[in-house]
There are 2 protein chains.
Amino acid sequence: MPILASLLALTQAAQPAAPKPPRTPPEIVAAAPASAWAPIPAEDLLVIDYAGGGRTVVQLAPVHVANIRRLATSGYWSGSAIYRVQDNYVAQWGTNDDKKPLPAGVVARPPAEYVRSAAGLAIRPLGFADPYAARVGFAGGWPVAQYKDGSVSLTHCYSMVGVGRDLSPDTGMGGELYAVIGQAPRQLDRNIALVGRVVEGIELMSALPRGSEAMGFYKGPAVARKIAQVRLASALPAAERPAFEVMKETSPSFAAYLDRRANRDDDFYKVAAGGVDICNAPVPVRRVPAR
Amino acid sequence: MPILASLLALTQAAQPAAPKPPRTPPEIVAAAPASAWAPIPAEDLLVIDYAGGGRTVVQLAPVHVANIRRLATSGYWSGSAIYRVQDNYVAQWGTNDDKKPLPAGVVARPPAEYVRSAAGLAIRPLGFADPYAARVGFAGGWPVAQYKDGSVSLTHCYSMVGVGRDLSPDTGMGGELYAVIGQAPRQLDRNIALVGRVVEGIELMSALPRGSEAMGFYKGPAVARKIAQVRLASALPAAERPAFEVMKETSPSFAAYLDRRANRDDDFYKVAAGGVDICNAPVPVRRVPAR
């Protein structure tokens with residue numbers, strides 16, 4: 001090595017490298033300041049404990065969840081199960097028993113809440129075209145779609161949780177729930193009540209063997225996974241409560257995250273996409289120590 | 001029951017009901033005439049047999065597959081494995097050994113074939129907006145995206161198969177492959193060579209336990225599923241060859257299928273979406289008896 005180059009190399013080695021600015025979506029999430037995050041209330045977390053171990057946690061959305069909270073507090077789902085797993089579609093759980101008596105206060109046929117008005121809702125637009133809706137974006141930490149008639153719905157993205165129902169217009173009372181485990185089935189938007197999203201343990205649903213019967217149902221009494229109990233996190237002792245934060249869509253970190261989701265330029269990439277699908281930019285959620 | 005109604009009921013019962021026209025996408029696929037289907041050549045089918053049973057079949061696309069055919073005919077993948085399963089992303093298989101000698105005729109660094117020119121390619125447009133590309137559609141039985149510069153790529157939809165590679169611009173020689181098992185990671189379009197799609201047995205990949213290490217890799221020597229052998233279907237005895245057909249995108253059945261994918265109006269649905277994502281309208285493929 002020529003001497004000058006050697007000296008330069010020495011000089012460079014002696015100075016610690018300046019920290020690289022975050023470049024990939026995970027790096028941006030990891031670097032986001034505390035101000036970019038909002039806590040998820042413990043009463044909005046549904047904690048599903050499986051028989052034999054393992055846990056899935058669902059964050060409830062601010063719609064249609066009164067029934068679900070009552071079902072959880074009454075112990076309705078103790079001894080229930082995941083009984084349907086359809087590849088590239090959904091994993092569904094609950095009692096699979098429409099004769100089971102409902103706990104007090106649970107409404108058997110709640111009014112349909114598939115959409116709400118956009119009035120008064122601050123939507124942070126995604127900024128890219130969507131094949132299903134007039135526009136898509138984020139509101140209150142959730143992915144949403146707005147339609148020509150001004151109505152707004154949550155979107156059926158991976159890990160979103162909805163209420164199983166029979167034929168329209170039955171809304172479903174919330175006892176049978178499903179999580180999306182494949183390509184976003186957006187045709188269900190406005191047709192099923194979405195009530196939340198899995199924020200931890202989706203792989204305990206998505207990696208289950210697919211059911212052998214039509215629509216992924218398991219055969220006869222067999223189930224994919226037994227559920228020991230389902231509680232609201234607020235019902236757990238404070239020290240044992242799982243706690244999560246969701247990134248605010250109004251934060252600069254979220255703007256940077258979305259930009260990198262649409263324009264990957266880290267070393268692996270040759271061409272930046274220049275756009276992103278609403279379901280390929282999940283709102284970041286992180287686990288935090290119990291409060 | 002009033003007498004008139006009873007008589008009407010009797011009359012109706014005595015006449016066989018007129019067959020209902022197919023209404024859902026699966027009904028349209030089931031009713032499609034033979035003329036709507038094109039056979040997949042046996043040399044375009046990669047048959048993956050797992051140790052311990054089970055089979056996944058991949059249809060090879062007409063790009064970048066010379067290496068893959070040679071790897072299959074040489075037995076390169078005997079004793080390989082699925083060694084990476086990342087939730088909502090990919091399952092990856094191969095030797096996971098970049099020191100393994102290449103069979104004769106395999107090109108170590110093939111030229112990048114991420115895109116081709118749209119010239120001479122008949123694209124049947126999907127007809128709905130796409131967040132990633134100028135337009136999307138179907139060509140030769142495959143989902144494709146066309147960009148502003150006129151280039152065309154296959155799209156990273158659920159079950160599509162691509163070539164694992166190191167940092168750009170390494171193309172990957174085809175020994176390590178992956179299948180998409182979650183929301184379409186379209187940011188990979190034009191950045192990775194797509195070479196096919198799983199046409200049977202995707203659930204033997206998508207339902208595997210997720211790997212515990214970064215990017216879903218399995219820890220140490222552990223693997224998700226061992227592969228006994230990988231062959232082209234054309235190498236199997238004729239009577240044992242799995243055979244498939246793909247729906248022609250030029251057929252009236254495909255037009256009807258797409259229309260119902262975008263506008264579900266069967267009894268479950270309250271509102272038709274009025275659009276569909278390219279990855280939520282997979283080209284129908286069906287198994288047929290061995291030829």
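Residues numbered from 1 in each chain as written. Chains lettered and ligands numbered in written order. Predicted model: local features only at pLDDT ≥ 70, side-chain atom pairs only at ≥ 80, totals over all residues. Heavy atoms only, no water.

1. Quick notes on the environment of V246(B)
All names here are of chain B. For clarity, the threshold we go by: The numbering of helices and of strands both runs from the N terminus, where a helix is a DSSP run of H or I of at least 4 residues and a strand a run of E of at least 2. To sort residues, take the accessible area from a 1.4 Å probe on protein chains only and compare it with the maximum for the residue type: under 20% means buried, over 50% means exposed, and anything in between is partly exposed. Pairs of residues are marked as contacts when any of their non-hydrogen atoms sit within 4.5 Å.
Among the secondary structure elements, V246 is positioned in strand β15 (residues 243-247). A residue is classified by how much of its surface remains accessible, and V246, at 8% relative accessible area, is buried. Counting along the chain gives 196 residues from V246 to Y50, while the straight-line C-alpha distance between them is 25 Å. Here V246 is in contact with A36, W37, A38, I40, G141, R197, V283, P284 and V285, once residues within four sequence places are set aside.

2. Describing empty space enclosed by the protein
The criterion, for reference: For cavity detection a 1 Å grid was placed over the protein atoms alone, and a set of points counts as a cavity when a 1.4 Å probe fits there but cannot get out; an open set counts as a pocket when protein lies on both sides within 12 Å along at least five of seven lines, with lining residues being those that have an atom within 4 Å of a point. Grid points are joined across faces, edges and corners, and a volume is the space filled by probe spheres set on the points.
For the structure shown, the criterion picks out 3 cavities of 30 Å³ or more. There is about 40 Å³ of room inside the largest cavity. Along its surface, the largest cavity is lined by Y132(A), Y147(A), R186(A), Q187(A), D189(A), R190(A), N191(A), V271(B), A272(B) and A273(B).

3. Some points on the interface of chain B and chain A
When the parts of a complex come together, some accessible area is lost, and that lost area is often taken as the interface size. This is how the line gets drawn: Accessible-area loss on putting two parts together, using a 1.4 Å probe and summing over both, is the definition of buried area adopted here. Salt bridges are defined by distance alone: a side-chain nitrogen of Lys or Arg within 4 Å of a carboxyl oxygen of Asp or Glu. Under this grouping Gly is polar, as are all residues other than the nonpolar Ala, Val, Leu, Ile, Met, Phe, Trp, Tyr, Cys and Pro and the charged Asp, Glu, Lys and Arg.
At the interface, 44 residues of chain B touch 42 residues of chain A. Taking both partners together, chain B and chain A bury about 3900 Å²; carbon and sulfur atoms supply 54% of that area. Summed over the three residues of chain B that lose the most area to chain A, namely P131(B), Q183(B) and F268(B), the buried surface amounts to 18% of that side. Where chain B touches chain A, the interface holds 0 salt bridges. Split by residue class, the side of chain B that touches chain A holds 22 nonpolar, 10 polar and 12 charged.

4. Focus: the relation of the copies chain B and chain A
To keep things clear, this is the line we draw: Least squares is the method used to superpose the copies, on C-alpha atoms of residues holding a pLDDT of at least 70 in both.
Under the fitted operation, chain B is carried onto chain A by 0.0 Å of movement along the axis and a turn of 180 degrees, and the coordinates agree to an RMSD of 0.0 Å. The superposition operator between the copies reduces to a two-fold rotation axis. Taken together, the interface assignments show that 95% of the residues at the interface of chain B recur at the interface of chain A, consistent with an identical surface on both copies.

5. Concerning helix α3 (residues 66-73) of chain A
Residue and element names in this part refer to chain A. This is how the line gets drawn: Note that the arc is defined by the directions from the helix axis to the C-beta atoms.
When we look at burial in α3, the residues that qualify are N67, I68, L71 and A72. The buried residues of α3 occupy an angular sector of 135 degrees when projected down its axis, which confines them to one face. Positive phi appears at G75, one or two residues downstream of α3, with a value of about 75 degrees.

6. Notes on the sheet that holds strand β16 (residues 285-288) of chain B
Residues and elements named next belong to chain B. To keep it simple, the criterion reads: The criterion for strand pairing is that DSSP finds at least two bridges linking the strands in question. Where helices are involved, their axes are fitted lines through C-alpha atoms of the stretch in contact, as for all axes, and angles between N-to-C directions lie from 0 to 180°.
The 3 strands are arranged β1-β15-β16 in an open sheet whose pairing can be described as antiparallel. Lying at the two open borders of the sheet, with one neighbouring strand each, are β1 (37-39) and β16. On average, each strand axis in the sheet is inclined to that of its neighbour by 35 degrees, with strand direction left out of account. Judged from the 3 bridges that link them, β1 and β15 form a sheet pairing that is antiparallel.

7. A closer look at the packing of aromatic side chains
Residues and elements named next belong to chain A. We apply this condition: Between 30 and 60 degrees the pair is tilted, below 30 it is stacked and above 60 it is edge-to-face, where a pair is any two Phe, Tyr or Trp rings, Trp via its six-membered ring, whose centres lie within 6.5 Å.
The tally for this structure, following the rule as stated, stands at 10 aromatic pairs over all chains. Note on Y76 and W77: the rings are 6.2 Å apart at their centroids and 75 degrees apart in plane angle, and the pair reads as edge-to-face. Both residues of the pair, Y76 and W77, count as buried. Ring geometry for F138 against F254: centres 5.0 Å apart, planes inclined by 80 degrees, an arrangement best described as edge-to-face.

8. Topic: the pattern of salt bridges
As enumerated under the stated definition, the model contains 28 salt bridges over all chains in all. When the shortest N-O distance is used, the salt bridge between D87(A) and R210(A) registers 2.7 Å. Here D87(A), found in the loop between β4 (81-86) and β5 (90-94), pairs with R210(A), found in the loop between α4 (203-206) and β14 (225-232); they are 123 residues apart in sequence, far enough to count as distant. Since its relative accessible area comes to 16%, R210(A) is described here as buried. For D130(B), the salt bridge is made with R186(B), and the minimal N-O distance between the two is 3.0 Å. On the criterion of sequence distance, the pair formed by D130(B) in the loop between β7 (124-125) and β8 (135-139) and R186(B) in the loop between β12 (177-180) and β13 (194-200) is long-range, its members being 56 residues apart. The class of R186(B) is buried, set by a relative accessible area of 3%.

9. A few points about the state of the cysteines
All names here are of chain A. For clarity, the cut-off: In this description, the term disulfide denotes a pair of cysteine sulfurs within 2.5 Å.
For the coordinates displayed, the defined rule picks out 2 disulfides over all chains. The partner cysteine of C157 in its disulfide is C279, sulfur to sulfur 2.0 Å. Handedness of the C157-C279 disulfide follows from its S-S torsion of about -70 degrees: it is left-handed. One end of the pair, C157, is in the loop between β10 (151-154) and β11 (160-163); the other, C279, is in the loop between α5 (252-262) and β16 (285-288), and 122 residues separate them in sequence. Using a relative accessible area of 5% as the deciding quantity, one classes C157 as buried. Assessed through its relative accessible area of 5%, C279 is described here as buried.

Purely geometric numbers; function is a separate question.
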